[in-house]
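Architecture at a glance
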Amino acid sequence: MINIEIDGKQIQTENGATVMEAAQQAGITIPHLCYHKKLSIAGNCRMCMVQVEKAPKPLPACATPVVEGMKVFTHSEQAVKAQQGVMEFLLVNHPLDCPICDQGGECMLQDISVGYGGVHSRYHEEKRVVLGKDIGPLVAAEEMSRCINCTRCVRFGQEIAGQMELGQAFRGEHAEIMSFVSGTVNSELSGNMIDLCPVGALTSKPFRYKARSWELSRRRSISAHDSLGSGLAVHTMNNRVLRVLPIENDDINECWLSDKDRFAYEGLNSAERLTTPMIKQDGKWQEVEWQVALEYATNGLRHIANGMGAEQIGALATAYSTLEELYLLQKFMRGIGSQNVDFRLRQSDFSVDGKQQGAPWLGMPIADISKADRLLIVGSFLRKDHPLLAARIRQAVKKGAQANIIHSTDDDLLMKVANKAIVAPDALVEVLMQVSKALAVEKQGQSASGEAASIAKSLASGERVVVLLGNFAQQHPQAAQLQALAQQIAALCKGKFGFLGEAANSVGAYLAQVTPGAKGLNAASMLATPRKVYVLLNVEAELDCANPQQAIAAMQAADLVIAMSAYKNHAMEYADVLLPIAPFTETSGTFISTEGRVQSFKGAVKPQGEARPAWKVLRVLGNLLKLDGFDQDTSEAVRDEAMNGVDVAAKLNNAIDGVEVQAAPSASGLQRVSEVPIYATDAVVRRSAPLQATADAAPPRAWLHSDELKKLGLQAGESVKISQGQGSVKLLAAADDKLPKGVARIAAGHAATAALGAMFGTITVERA
Amino acid sequence: MLSQQITTLIDKELKKYPADQRQSAVMAALRFVQDEKGWIAPDDMVDIAAYIGMPQMAVYEVATFYHMYNLKPTGKYTLTVCTNLSCQLCGSDDTLAHLHKKLGIGLGEVTTDGKYGIREGECMGACVDAPMFTINNKKLCGRLTPQKIDQILADLEGGQA
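Here is what the cut-offs are and how they apply
- Residues numbered from 1 in each chain as written.
- Chains lettered and ligands numbered in written order.
- Predicted model: local features only at pLDDT ≥ 70, side-chain atom pairs only at ≥ 80, totals over all residues.
- Pairing = 2+ DSSP bridges.
- Helix = DSSP H or I, 4+ residues; strand = E, 2+ residues; numbered from the N terminus.
- Buried ≥ 20, exposed ≤ 12 C-beta atoms within 10 Å, placed from the backbone.
- Core = buried A, V, L, I, M, F, W, Y, C linked by C-beta atoms within 7 Å.
- Contact = placed C-beta atoms within 7 Å.
- Axes fitted to C-alpha atoms, helices over the stretch in contact; angles between N-to-C directions.
- Parallel < 35°, antiparallel > 145°, perpendicular 65-115°, else oblique.
- Left-handed = near helix turned anticlockwise from the far one by under 90°.
- Nonpolar A, V, L, I, M, F, W, Y, C, P; charged D, E, K, R; others polar.
- Domains from an automatic or database assignment.
- Arc of directions from axis to C-beta.
- pLDDT = per-residue confidence, 0-100.

1. Some thoughts on the sheet that holds strand S5 (residues 71-73) of chain A
All names here are of chain A. Taken in spatial order, the five strands of this open sheet run S2-S1-S5-S3-S4, and their pairing is mixed. If you trace the sheet from one side to the other, it starts and ends with strand S2 (9-13) and strand S4 (59-60), each paired once. Both strand S1 (residues 2-6) and S5 contribute to a ladder of two bridges, which runs parallel. Bridging from a neighbouring strand, Ile 6 pairs with Val 72 of S5.

2. Describing the pairing of strand S19 (residues 402-407) of chain A
Here is the key point about a regular strand: its side chains alternate between the two faces of the sheet. Residues and elements named next belong to chain A. Taken across its six residues, S19 has six buried, putting it largely inside the fold. When strand S18 (residues 374-378) meets S19, the two strands line up parallel, connected through five bridges. Bridge pairing in S19 places Leu 376 opposite Asn 404. In this sheet, strand S20 (residues 417-422) lies alongside S19 in parallel orientation, the contact comprising five bridges. Across the sheet, the residue bridging to Ile 406 is Ala 421, located in S20.

3. Examining the nonpolar core
Among the nonpolar cores identified, the biggest contains 266 residues, and Leu 329, Ile 489 and Leu 536 of chain A are the most heavily contacted of them. Counting residues per element, this core draws most heavily on helix H15 (residues 479-492) of chain A, at nine residues. When sequence neighbours within four positions are dropped, the list of residues in contact with Leu 536 of chain A reads Leu 316, Ala 541, Val 561, Ile 562, Ala 563, Met 564 and Ala 571 of chain A. Counting 15 residues, the second-largest nonpolar core is a separate cluster that includes Tyr 77, Leu 79, Cys 87 and Leu 144 of chain B.

4. Here's the deal with the packing of helix H1 (residues 4-14) of chain B against helix H2 (residues 26-37) of chain B
Residues and elements named next belong to chain B. The N-to-C vectors of H1 and H2 enclose an angle of 155 degrees; their axes lie 9 Å apart at closest approach. As judged from the angle between their axes, H1 and H2 are roughly antiparallel. Crossing angle aside, the handedness with which H1 passes H2 is right-handed. Side by side, H1 and H2 meet where Gln 5, Ile 6, Leu 9, Ile 10 and Glu 13 of the first sit next to Ala 28, Ala 29, Phe 32, Val 33 and Glu 36 of the second. Partitioning the contact of H1 with H2 into residue classes produces seven nonpolar, one polar and two charged.

5. Some thoughts on the interface of chain A and chain B
Contact residues are listed per partner, giving 12 residues for chain A and nine residues for chain B. Per-element tally for the side of chain A that touches chain B: the top contributor is strand S8 (residues 166-169) of chain A, with four residues. Tallied by class, residues from the side of chain A that touches chain B come to six nonpolar, four polar and two charged.

6. Comments concerning the domain arrangement of chain B
Considered domain by domain, chain B is made up of domain 1 (4-65) and domain 2 (77-157). Inter-centroid distance (C-alpha atoms) of domain 1 of chain B to domain 2 of chain B is 28 Å.

7. Thoughts on the packing of H2 of chain B against helix H3 (residues 42-52) of chain B
Between two packed helices, what matters for the description is the angle formed by their axes and the separation of those axes. All names here are of chain B. Contact geometry for H2 and H3: axes closest at 11 Å, N-to-C directions at 140 degrees. As the angle between them shows, H2 and H3 are arranged oblique. The two elements H2 and H3 meet at a crossing, and its hand is right-handed. Of the residues in H3, those in contact with Val 26, Ala 29, Leu 30 and Val 33 of H2 are Asp 44, Ile 48 and Ile 52.

8. Points about the domain arrangement of chain A
Interface size is often expressed as the accessible area that is lost when the parts come together. According to the domain assignment, chain A contains domain 1 (1-92), domain 2 (278-354 + 506-649), domain 3 (366-499) and domain 4 (670-767). For domain 1 of chain A and domain 3 of chain A, the distance between their C-alpha centres works out to 43 Å.

9. Here we look at H1 of chain B
Residues and elements named next belong to chain B. All buried positions along H1 are accounted for by Ile 6, Leu 9 and Ile 10. Angularly, the buried residues of H1 cover 100 degrees about the axis, an arc narrow enough to put them on a single face. Structural note: H1 exposes Gln 4, Thr 8, Asp 11 and Lys 12 on the side pointing more than 90 degrees away from its buried face.

10. Structural notes on the environment of His 476 of chain A
Residues and elements named next belong to chain A. Locating His 476 in the fold gives a position in the loop between helix H14 (471-475) and H15. For His 476, a count of 26 C-beta atoms within 10 Å translates into the label buried. Sequence-wise, His 476 and Val 673 are 197 residues apart; in three dimensions their C-alpha atoms are separated by 9.7 Å. Dropping the residues within four chain positions of it, His 476 is found in contact with Asp 349, Gly 379, Pro 425, Leu 428, Leu 482 and Phe 760.

11. Re the confidence of the model for chain B
Summary statistics for chain B give a mean pLDDT of 93 and a share of 99% for residues scoring 70 or more. Listed scores for the predicted complex are pTM 0.94 and ipTM 0.90.

12. Some words on the sheet that holds strand S6 (residues 133-134) of chain A
Residues and elements named next belong to chain A. Taken in spatial order, the three strands make up an open sheet running S6-S7-S10, and their pairing is antiparallel. In this open sheet, the two edge strands, each paired with only one partner strand, are S6 and strand S10 (203-204). Note that S6 and strand S7 (residues 139-141) share two bridges and pair antiparallel. Paired with Lys 133 across the strands is Ala 141, a residue of S7.

13. Quick word on the environment of Lys 260 of chain A
Residues and elements named next belong to chain A. One can find Lys 260 in helix H6 (residues 259-263). Lys 260 sits in the buried class, given 27 other C-beta atoms within 10 Å. In this structure the C-alpha to C-alpha distance between Lys 260 and Ile 678, which are 418 residues apart in sequence, comes to 7.7 Å. Setting aside chain neighbours within four positions, we find Lys 260 in contact with His 225, Asp 226, Pro 387, Ile 678, Tyr 679, Val 685 and Leu 691.

Here's what the structure looks like:
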């Protein structure tokens with residue numbers, strides 16, 4: 001620690017800190033534009049000029065390290081004169097079109113110019129003009145004349161997003177921020193550039209010209225679109241969500257948001273919203289009163305339960321629902337006598353049920369991932385499934401951590417990967433067994449060779465080892481074995497292991513007991529042995545289930561399907577009752593993130609039309625069937641009941657025993673590898689027009705290794721017929737030589753592939 | 001695609017820098033492409049980026065920063081005429097006028113047969129020989145007079161660059 005003085009205030013600060021950091025610690029504001037605490041120091045805007053005793057001229061606070069005894073003056077005559085001079089220069093080429101600029105009212109340049117700018121400009125010549133650019137559907141770069149070339153967006157791309165998509169081309173007066181040859185910015189974190197831009201050069205395209213910042217009301221919420229639990233500031237006007245910004249929390253999302261969290265809100269105002277209850281009579285949909293719809297549903301339920309037994313009723317939910325909704329759903333099901341309730345719709349291996357000691361979770365706080373020095377990530381489309389966790393791991397790798405990957409695809413993670421083993425899905429268990437064996441050998445001071453041995457070597461040399469199982473590993477047909485092996489590997493290197501949760505409430509759903517228990521049927525068996533009645537909560541059966549073919553068949557064969565949904569979706573074809581429920585912005589609720597953080601939020605806007613929060617709908621359903629314990633008045637009461645006596649920390653436990661690990665015989669034929677594309681994960685995201693216009697939402701293709709294509713006599717770009725089970729679809733073939741041989745990568749969770757079967761398994765590809 | 005000659009030259013250049021700082025070779029790589037093709041197309045930048053292992057945009061930043069990289073097709077012989085103070089005082093305008101008379105093109109233009117192009121250049125650091133131009137950024141020609149320019153153009157016609 002060293003002592004310095006800023007504006008007469010004695011400050012103790014760390015050696016190596018800059019004057020800017022020391023001032024911020026002490027609560028002293030120094031005007032700045034290009035400086036950002038999470039980015040490298042560029043020192044190019046010169047706005048943070050301060051006077052330093054014994055320095056002959058003003059120095060930039062962001063780039064000046066502190067030294068013992070330094071005396072800094074941020075408001076002395078010299079400092080202010082320098083700051084005013086810089087501001088005058090910054091405004092020389094700035095168009096000053098604040099009245100029509102989206103940034104107006106929340107613009108750093110505007111704010112600082114109030115303090116340091118002149119009333120009149122001495123510059124009367126023509127201003128520089130920079131043409132606008134089209135860099136994609138999310139970030140608007142139409143008015144690049146406003147740009148002050150601070151390069152925050154460029155540094156964000158290089159340092160946080162891991163890919164340099166924007167850069168500063170040309171030089172001097174001609175310098176401009178642009179993408180390479182008018183390309184689009186495709187990063188899954190691109191929206192953060194909008195927040196970072198201190199002027200109105202990069203603005204939000206979907207929000208453009210919708211409202212001024214001071215007209216908006218702000219509500220705190222929690223992201224429903226991935227398992228991180230990112231804090232959201234939901235900005236609303238006239239009872240509509242108009243934009244979403246991050247709430248800073250260094251332990252969760254830092255100051256970032258993924259594009260999915262930021263732009264999904266556009267789906268909330270989709271024309272497909274279900275706003276009135278509907279029932280199907282004589283094959284035709286009719287809009288009805290709530291009372292009619294609820295009675296129709298409860299009569300049906302009562303009829304089946306009395307006639308054929310309550311075990312003929314099954315309930316499926318997605319973990320994007322709130323804790324309260326999930327808790328009441330299982331309470332309702334158990335109240336009418338059925339244990340068939342599950343949320344693990346994409347899971348295919350349930351052999352872990354009963355052997356798992358608690359709710360699977362990340363295994364550590366999110367912040368601990370930054371401290372890891374060796375990581376093993378098994379079966380994860382990391383960048384797309386967990387964009388901000390990927391960014392966190394990227395930072396850890398930059399600081400020297402080694403990332404090891406075991407997976408069935410080899411997408412660019414935009415970070416240095418120490419070792420990787422890319423194998424077909426049926427070989428994943430085998431590879432993990434090899435790693436585990438090599439680790440044991442490594443412990444005895446010997447070393448083996450091969451990919452698995454390199455991974456083992458990397459892990460063995462670490463002090464804080466983290467083993468993570470991704471969505472692909474959790475959906476894998478041998479998920480239990482993968483989990484057991486991950487546990488073993490983590491134990492061998494005295495590390496931690498955990499799951500990268502799939503959805504906002506993956507942990508919450510376990511704690512709310514939305515699992516069938518010993519007597520009930522799990523999600524897969526409920527669909528494999530069709531039930532007479534299905535109760536769906538936020539489920540789009542053809543997109544959310546591991547085996548859409550089977551799911552649709554079961555839905556169509558059922559006597560009664562009660563769909564609680566925020567959208568008029570495909571359920572129109574198989575459901576009998578549609579109950580309009582509120583998405584997460586229109587209801588209060590709770591999500592328990594993958595690190596076990598319990599976060600409650602209030603509704604940001606009123607439910608649209610006749611839609612109601614699902615917890616209220618479930619409560620009334622319970623009342624109509626005269627079930628006990630459905631008299632909660634608020635969602636908080638439901639939460640308190642659900643969490644009553646639940647010690648979250650004690651319930652979180654990844655440990656399993658008694659799972660037999662055995663390498664599977666390798667399958668014959670092409671094996672399917674499928675991910676749920678980043679913008680196809682839940683109902684809201686699927687209807688967000690700007691997200692659906694991005695490169696990541698391009699229609700799925702059939703990706704094969706070019707040798708496989710050759711073997712099948714196919715060429716990249718031609719239309720091929722993909723068959724699995726009884727269904728087939730036509731897709732364009734594409735070559736990806738980073739895929740292992742013998743696999744076809746075909747996305748799931750997408751309408752174009754919904755006619756296919758399970759996410760894993762044998763698949764045939766032939767000329768269309 | 002980068003030609004065999006270019007990749008050989010880049011490989012040689014890469015040896016001058018530490019293995020984790022391969023992008024130091026980008027300026028040389030751009031130069032090799034320009035020497036071979038006369039200009040640098042975006043596709044060449046993509047190839048260089050892939051070969052060196054750096055972002056495409058970073059290559060573009062370098063290529064657009066420096067004036068002497070041609071980002072548009074230019075003549076087989078590019079005459080870069082210095083128009084800075086010393087040359088101007090010693091008659092760079094006359095040089096340009098004479099070139100215009102002989103070739104029919106001005107600054108930033110290329111003859112229709114694609115043989116000659118004229119660019120404006122900054123001080124070449126040899127004002128003692130003003131006025132001057134360079135041929136393809138390689139050969140410096142100073143103390144230009146109409147006669148000397150005619151001679152140089154005749155030599156170029158004869159294939160002696």
